[in-house]
Amino acid sequence: MKDFFYGIQDLFVDVLFAPFDALRALELESWFAANFMSWIFTIIGMVAFIYWMIQLKKYNDNNEEDKSVTAHSYL
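Residues numbered from 1 in each chain as written. Predicted model: local features only at pLDDT ≥ 70, side-chain atom pairs only at ≥ 80, totals over all residues. Heavy atoms only, no water.

Structural notes on the overall build of the protein chain
Moving on, step 1. Within the protein chain one finds four helices and zero strands.
Moving on, step 2. In the protein chain, the order of α-helices and β-strands from amino to carboxyl end is α-α-α-α.
Moving on, step 3. Counting all 75 residues of the protein chain, 3% fall into the buried class. (Helix = DSSP H or I, 4+ residues; strand = E, 2+ residues; numbered from the N terminus. Buried < 20%, exposed > 50% of the residue type's maximum accessible area, 1.4 Å probe, protein only.)

Here's the deal with helix H4 (residues 36-61)
Moving on, step 1. For H4, spanning 26 residues, the distance from its first C-alpha to its last is 38 Å, which sits close to the expected 38 Å at 1.5 Å a residue.
Moving on, step 2. Following H4 by one or two positions, asparagine 63 has its phi on the positive side, about 50°. (Expected span 1.5 Å × (residues − 1).)

Some details on the pattern of salt bridges
Moving on, step 1. Within the structure shown, the criterion is met by two salt bridges.
Moving on, step 2. Ionic pairing is found between aspartate 61 and lysine 57, a salt bridge with its closest N-O pair at 3.0 Å. One end of the pair, aspartate 61, and the other, lysine 57, are both in helix H4, four residues apart, so they sit about a helical turn from each other. (Salt bridge = Lys/Arg side-chain N within 4 Å of Asp/Glu carboxyl O.)

A short note on the packing of helix H1 (residues 2-16) against helix H2 (residues 18-27)
Moving on, step 1. Their axes nearest at 5 Å, the elements H1 and H2 cross at an angle of 40°. Viewed along their axes, H1 and H2 adopt a mutual orientation that is oblique. In contact with Val13, Asp14, Val15 and Leu16 of H1, H2 contributes Ala18, Pro19, Phe20 and Asp21.
Moving on, step 2. Looking at side-chain class alone, the contact of H1 with H2 contains six nonpolar, no polar and two charged residues. (Axes fitted to C-alpha atoms, helices over the stretch in contact; angles between N-to-C directions. Parallel < 35°, antiparallel > 145°, perpendicular 65-115°, else oblique. Contact = heavy atoms within 4.5 Å. Nonpolar A, V, L, I, M, F, W, Y, C, P; charged D, E, K, R; others polar.)

With respect to the packing of aromatic side chains
Moving on, step 1. Tallying each qualifying case throughout the model produces seven aromatic pairs.
Moving on, step 2. Between the aromatic rings of tryptophan 31 and tryptophan 39, the centroid separation amounts to 5.9 Å while the plane-to-plane angle is 85°, which identifies the pairing as edge-to-face.
Moving on, step 3. Owing to a relative accessible area of 38%, tryptophan 39 belongs among the partly exposed residues under this scheme.
Moving on, step 4. Looking at lysine 58, its charged tip hangs above the ring of tyrosine 59, at a distance of 5.6 Å from the centre. (Phe/Tyr/Trp six-rings, centres within 6.5 Å; stacked < 30°, edge-to-face > 60°. Lys NZ or Arg CZ within 6 Å of the ring centre and 35° of its normal.)

Topic: the confidence of the model for the protein chain
Reading fine detail from the predicted coordinates is not recommended where pLDDT is low.
Moving on, step 1. Here the protein chain shows a mean pLDDT of 88. Residues at 70 or above account for 89%.
Moving on, step 2. Per-element confidence in the protein chain is highest for H4, whose mean pLDDT is 94, and lowest for helix H3 (residues 31-34), whose mean pLDDT is 86. (pLDDT = per-residue confidence, 0-100.)

What follows is the structure in structure tokens.
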């Protein structure tokens, strides 16, 4: 049973965490390159937020939302 858990440890430490070890080594050379995926996700989030705000403005300009007091049951 002990070998089973050591096998799981070896899988994670030697195989699955290898990309993270490479990023940790890359950070010493270039901080921006090591955080490349973070930059990509940040840019995707910004684009999605801007698109969302444009769509909300479009619906607001067309007066498509029911803003009366009885529009929602919880009001």
